[in-house]
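Working through the structure, step by step
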Amino acid sequence: MTDQTKLVEIDAFADAFFASDGASQIWFGDDLAWHVRTETEDGMFVLSKPGGTTSYSGLESLLSILAGAGIRRISVEWDGFPAAILDTKTGLTNFVV
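A brief structural summary. (Residues numbered from 1 in each chain as written. Predicted model: local features only at pLDDT ≥ 70, side-chain atom pairs only at ≥ 80, totals over all residues. Heavy atoms only, no water.)

Re unusual backbone geometry
Non-glycine residue Leu32 carries a positive phi angle of around 60°. By the secondary structure assignment, Leu32 is in the loop between strand 2 (24-28) and strand 3 (34-40). Since its relative accessible area comes to 55%, Leu32 is described here as exposed. (Helix = DSSP H or I, 4+ residues; strand = E, 2+ residues; numbered from the N terminus. Buried < 20%, exposed > 50% of the residue type's maximum accessible area, 1.4 Å probe, protein only.)

Here is the structure:
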């Protein structure tokens, strides 16, 4: 993360998200977890949990957190996402992206 990257909890993240020009993204990281970021003229904002971690094990729970803050549309990147995880138990096969 650069000096311009800020780790923020959901309320501050939502403020940054709505102030951004649409440069927001959920991505599946090398740590095999989901992360979310948004970029504004004030820098990059990464959603963090109250303990300071930025990873989420489930996409569905991350989407629920974002929806609770009014965020209903965001791009999702999953390059390198293990195919074995894409099954009906995760619910991912039911998402329309």
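Next comes the rest of the description.
Some points on the sheet that holds strand 2
One open sheet accounts for five strands, arranged 1-4-3-2-5; its pairing is mixed. Edge positions in the sheet fall to strand 1 (5-8) and strand 5 (75-77), since each has one partner strand and no second. Each neighbouring strand pair of the sheet contributes to a mean axis angle of 25°, computed without reference to strand direction. Relative to strand 4 (residues 43-47), strand 1 runs parallel, the two sharing four bridges. By the bridge assignment, Val8 is partnered in strand 4 with Leu47. (Pairing = 2+ DSSP bridges. Axes fitted to C-alpha atoms, helices over the stretch in contact; angles between N-to-C directions.)

Let's talk about the nonpolar core
Grouped together as the largest cluster of nonpolar side chains are 18 residues, with contacts concentrated most on Phe13, Ile26, Trp34, Val36, Leu47, Leu62 and Leu66. For this core, the elements supplying multiple residues, two or more each, are helix 1 (10-19), strand 2, strand 3, strand 4 and helix 2 (59-68). In this view, Leu66 contacts Ile10, Phe13, Ile26, Val36, Leu47, Ile71 and Ile74; residues no more than four positions away in its chain are not counted. (Core = buried A, V, L, I, M, F, W, Y, C linked by side-chain atoms within 4.5 Å. Contact = heavy atoms within 4.5 Å.)

Describing the packing of aromatic side chains
Inspection of every chain in the model, using the stated rule, returns two aromatic pairs. On the basis of an interplanar angle of 90° and a centroid distance of 5.2 Å, the ring pair of Phe17 and Phe18 is categorised as edge-to-face. Here Phe17 falls in the buried class, since its relative accessible area comes to 12%. Across the ring face of Phe45, the terminal group of Lys6 is positioned such that the distance to the ring centre comes to 5.1 Å. The cationic tip of Arg37 hangs over the ring face of Trp27; the distance from NZ or CZ to the ring centre is 4.0 Å. (Phe/Tyr/Trp six-rings, centres within 6.5 Å; stacked < 30°, edge-to-face > 60°. Lys NZ or Arg CZ within 6 Å of the ring centre and 35° of its normal.)

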